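Now for the letters of each chain:
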Amino acid sequence: MKTVIAENLVKTYDKGKVRALDGLNLDVEEGTVLSVLGPNGAGKTTVVRILTTLLRADSGNAQVAGIDVVNNPEKVREVIGLSGQYAAVDEILTGYDNLVMFGELYHLGKKQAVVRANELLERFSLTEAAKRPIKTYSGGMRRRLDLAASLIVKPKVLFLDEPTTGLDPRGRQEMWGVIQELVKGGVTLLLTTQYLEEADQLADDIAVIDTGKVIARGTSDALKKQVGGERLEVVVEQQHIAKTMEIVSAVSGHTAGLDEGLRLITAPVSTGSVALFEVLKSLDSAGIHALDVGLKRPSLDDVFLALTGHTAEVKVEEKEVKK
Amino acid sequence: MRALNDIYIITRRQLLLLSRVPEVLIFSTIQPVMFVLLFRYVFGGSIDTGQPGGYVQLLMPGIFVQTVAFTLAGTASGLAEDMKKGLIDRFRSLPISQSALVIGRTLGDSLLNIVVLAVMGIAGYVVGWRPSSGIGNIALGFLFLLFFGYALSWVGVLVGLSASDARVVQNVSFIVTFPLTFLSNAFAPTTGMPRALQYFAEWNPVSTMVAACRELFGLENQFGATAGSFPSEHPLVTSLFYMVVIMVIFIPLSLRKYRNYAE
Ligand SMILES: Nc1ncnc2c1ncn2[C@@H]1O[C@H](COP(=O)(O)OP(=O)(O)OP(=O)(O)O)[C@@H](O)[C@H]1O
Ligand SMILES: [Mg+2]
């Protein structure tokens, strides 16, 4: 069963001047994770806000758990959890106060709300900070609290808009751990991200969007196959470039590319570290000392390059998304 | 019932915020207390009122009305702040009564007024304010003030939801409230003003409120140009009428604005 369905969503801003969504189609199978992957300004927040009843589309249909978001927004709100792009918790109140308040607003009753708040604080490693105002929290803690607030009543569908943007690598790891737990618990999740790696880690299914449209849809494996998997990168001294390109091409089976300025030789590889080892061995027996060698996973840019022939354009007029 | 519960929780949040940031309470009382001292001791000496007990008797109702009038700014900027932080989105994604957030805020801001008025009353007493009308009327006077503040807080909701920036909200609110409170009988008799201004000042809801409170606190009223007109004869009824009109206009407008937030 499809738990989330979006058909032909169109949304314009500024009296039609900005076309944020341009006939977008999406669906999420019950109990699975869909990652909506796209660069700044692609329309990720807009689609999340439409599906969570915060914004009305100009045209198109959307249903969440079988409920129409336009005709029955109250019903939709009962089954969803939302953690928006900017952590939306009361800065002045403590983490504990926030969760109790939201619990009461979910009509749990004071006692139950307190129990649930403590559970969630524990689960998201916030117990120590529970009695501190949110303004003293780090970005990662804020994010976790925001996520906790959207899980007070176990939602049927959870929406996370760029849950790790702005977090440092450690915060990101922590957040991934938390989300993976949720996924194991069987939640239906729609998550937006700018990072292919994140989509890969967390999602069953990926929808790549650009300028308000889905431009590719599939599992992360399928997508990666389309993109060409990992790339091998080697940097050598000027005089070794020709020989190194030969070696890399031989291992890869594709003609290696060269960035002359960086003296960087790259080629797609399918065997990962085995290929890396082979290249190192060949370089060694050729007496070439590599300045830098590595395997690079495909990035959003690589995906875009493969899908559209151009890299992810970052919209210049990147506005704060409000209203 | 659920709606009431939601409103109650939001109202309580408003109060919790105050307890966490006591500065807000301090600042919302310091300014009116300064006004009391300023007018009582700096200007008051040169205003001959002919009232027993002196200028402070006339002044205090004016200060009270001015204080509650600033509820407009408080509600507006608080709401604008919540919007800026995306907090409104969170509330709007919850399965709660959609008007609870704004109703709760207006109620919370009115409860803050109780505390502020209590502090003002005590400050007034210290500098010689002695209402002479008996406990019942005094209580009624304060109730009246709270009601006025509540009505204005709905204007604040509309201002707060309409503006794009919290600082704009502050400015707009002050531009609305300052002339209204000063072009009135709150601090000086209107009789000294040019005649055209007198008409404005005397029909001004702030003036009728001040006049009504003076009456309730046991004072004579002085109207200049409009002496004998309905508002001058019946400031209480006129004020009530104004409040009802404000609420009838601004409550539906504000609630609609909030609901249509999704465009
Ligand atoms: N309130 C608004 N007024 C005008 N234009 C807007 C508004 N909100 C969004 N837009 C525009 O709509 C487009 C899509 O925005 P959206 O916020 O959905 O993108 P996004 O994928 O979430 O981007 P980001 O990764 O930066 O969060 C962008 O071009 C953006 O500038
Ligand atoms: Mg966004």
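Further up the page is the structure itself.
Quick look at the structure, then. (Residues numbered from 1 in each chain as written. Chains lettered and ligands numbered in written order. Predicted model: local features only at pLDDT ≥ 70, side-chain atom pairs only at ≥ 80, totals over all residues. Heavy atoms only, no water.)

## Brief notes about the interface of chain B and chain A
Turning to step 1, where the next piece is worked out: Between chain B and chain A, the residue contacts involve 30 residues of the former and 31 residues of the latter.
Turning to step 2, where the next piece is worked out: Carbon and sulfur atoms make up 58% of the area that chain B and chain A hide from each other, which totals about 2900 Å².
Turning to step 3, where the next piece is worked out: On inspection of chain B and its partner chain A, the count reaches five salt bridges.
Turning to step 4, where the next piece is worked out: The residue A:Asp90 makes a salt bridge to B:Arg13 at a minimum N-O spacing of 2.5 Å.
Turning to step 5, where the next piece is worked out: Secondary structure elements with two or more residues in the side of chain B that touches chain A: α1 (2–20), α4 (71–84) and α5 (87–92) of chain B.
Turning to step 6, where the next piece is worked out: A total of ten residues in the side of chain B that touches chain A trace back to one element, the largest contributor, which is α1(B).
Turning to step 7, where the next piece is worked out: Across the side of chain B that touches chain A, the residue classes break down as 14 nonpolar, five polar and eleven charged. (Contact = heavy atoms within 4.5 Å. Buried area = accessible area lost by both parts, 1.4 Å probe. Salt bridge = Lys/Arg side-chain N within 4 Å of Asp/Glu carboxyl O. Helix = DSSP H or I, 4+ residues; strand = E, 2+ residues; numbered from the N terminus. Nonpolar A, V, L, I, M, F, W, Y, C, P; charged D, E, K, R; others polar.)

## Quick look at the coordination of the magnesium ion (ligand 2)
All names here are of chain A.
Turning to step 1, where the next piece is worked out: Every protein donor of the magnesium ion (ligand 2) is listed here as Thr45 (OG1) and Gln85 (OE1), and their distances to the metal cover 1.8 to 2.0 Å. With threonine 45 in helix α1 (residues 44–51) and glutamine 85 in the loop between β6 (80–83) and α3 (95–105), this residue pair connects regions lying 40 residues apart in the sequence.
Turning to step 2, where the next piece is worked out: The buried category is assigned to threonine 45, whose relative accessible area is 12%. (Donors = N, O, S within 2.8 Å, 3.2 Å for Na, K, Ca; no water. Buried < 20%, exposed > 50% of the residue type's maximum accessible area, 1.4 Å probe, protein only.)

## Considering the packing of aromatic side chains
Turning to step 1, where the next piece is worked out: For the coordinates displayed, the defined rule picks out 18 aromatic pairs over all chains.
Turning to step 2, where the next piece is worked out: Consider the rings of B:Phe70 and B:Phe174, whose centres lie 5.3 Å apart with planes at 40°: the pair is tilted. Pair noted here: B:Phe70 is in the loop between α3 (55–69) and α4 and B:Phe174 is in helix α8 (residues 166–182), with a separation of 104 residues, a long-range link.
Turning to step 3, where the next piece is worked out: Seen in terms of ring centroids, B:Tyr150 and B:Trp154 are 6.4 Å apart; in terms of plane orientation they differ by 85°. Their pairing is edge-to-face. Residue B:Tyr150 and its partner B:Trp154 are both found in helix α7 (residues 135–162); the two are separated by four residues, about one turn of the helix.
Turning to step 4, where the next piece is worked out: Ring pairing ties together the aromatic residues B:Phe35, B:Phe39, B:Phe70, B:Phe174, B:Phe178, B:Phe182 and B:Phe187, which thus form one cluster.
Turning to step 5, where the next piece is worked out: The side chain of A:Lys131 reaches across the aromatic face of A:Tyr96, ending 3.8 Å from its centre.
Turning to step 6, where the next piece is worked out: The ring of B:Tyr125 has B:Arg130 sitting right over it, with the charged end atom 3.8 Å from the ring centre. (Phe/Tyr/Trp six-rings, centres within 6.5 Å; stacked < 30°, edge-to-face > 60°. Lys NZ or Arg CZ within 6 Å of the ring centre and 35° of its normal.)

## Observations concerning the sheet that holds strand β5 (residues 67–68) of chain A
Residue and element names in this part refer to chain A.
Turning to step 1, where the next piece is worked out: Ordered in space as β2-β1-β4-β5, the four strands form an open sheet in which the pairing is antiparallel. At either margin of the open sheet sits one strand with a lone partner, and together these are β2 (18–29) and β5.
Turning to step 2, where the next piece is worked out: Pairing geometry for strand β4 (residues 59–64) and β5, over two bridges, is antiparallel. Paired with valine 64 across the two strands is isoleucine 67, which belongs to β5. (Pairing = 2+ DSSP bridges.)

## A look at the nonpolar core
Turning to step 1, where the next piece is worked out: One finds A:Leu99, A:Phe102, A:Leu105, A:Leu147, B:Phe64, B:Phe91 and B:Leu145 to be the most contacted residues of the largest nonpolar core, which totals 109 residues.
Turning to step 2, where the next piece is worked out: By residue number, the principal contributor to this core is α7(B), which donates 14 residues.
Turning to step 3, where the next piece is worked out: If we ignore the near neighbours within four places in the chain, the residues touching A:Leu147 are A:Ser83, A:Phe124, A:Leu158, A:Leu160, A:Met175, A:Val178 and A:Leu182.
Turning to step 4, where the next piece is worked out: One finds A:Ala6, A:Leu24, A:Leu54 and A:Phe159 within the second-largest nonpolar core, a separate group that totals 32 residues. (Core = buried A, V, L, I, M, F, W, Y, C linked by side-chain atoms within 4.5 Å.)

## Comments concerning α7(B)
Turning to step 1, where the next piece is worked out: Given a rise of 1.5 Å per residue, 28 residues ought to cover 40 Å, and the 41 Å separating the end C-alpha atoms of α7(B) matches this to within 8%.
Turning to step 2, where the next piece is worked out: A large share of α7(B) lies buried, amounting to 20 of its 28 residues. (Expected span 1.5 Å × (residues − 1).)

## Section: unusual backbone geometry
Residue and element names in this part refer to chain A.
Turning to step 1, where the next piece is worked out: The backbone of aspartate 14 sits at a positive phi, close to 50°, despite the residue not being glycine.
Turning to step 2, where the next piece is worked out: Note on placement: aspartate 14 falls in the loop between β1 (2–13) and β2.
Turning to step 3, where the next piece is worked out: For aspartate 14, a relative accessible area of 43% corresponds to the partly exposed category.
Turning to step 4, where the next piece is worked out: Positive phi values are uncommon outside glycine, yet histidine 107 reaches one of about 65°.
Turning to step 5, where the next piece is worked out: Its place among the elements puts histidine 107 in the loop between α3 and α4 (110–123).
Turning to step 6, where the next piece is worked out: By relative accessible area, histidine 107 is classed as partly exposed at 22%.

## Structural notes on the pattern of salt bridges
Turning to step 1, where the next piece is worked out: Summed over all chains, the structure comprises 24 salt bridges over all chains.
Turning to step 2, where the next piece is worked out: Residues A:Arg217 and A:Asp27 are paired through a salt bridge, measuring 3.9 Å at the closest nitrogen-oxygen approach. Of this pair, A:Arg217 sits in strand β10 (residues 213–218) while A:Asp27 sits in strand β2, and the two are 190 residues apart along the sequence.
Turning to step 3, where the next piece is worked out: A residue is classified by how much of its surface remains accessible, and A:Arg217, at 36% relative accessible area, is partly exposed.
Turning to step 4, where the next piece is worked out: Here A:Asp27 falls in the partly exposed class, since its relative accessible area comes to 23%.
Turning to step 5, where the next piece is worked out: Ionic pairing is found between B:Arg105 and B:Asp82, a salt bridge with its closest N-O pair at 3.0 Å. Within this pair, whereas B:Arg105 is found in helix α6 (residues 100–126), its partner B:Asp82 is found in helix α4, the two being separated by 23 residues in sequence.
Turning to step 6, where the next piece is worked out: Classification of B:Arg105 as buried rests on a relative accessible area of 5%.

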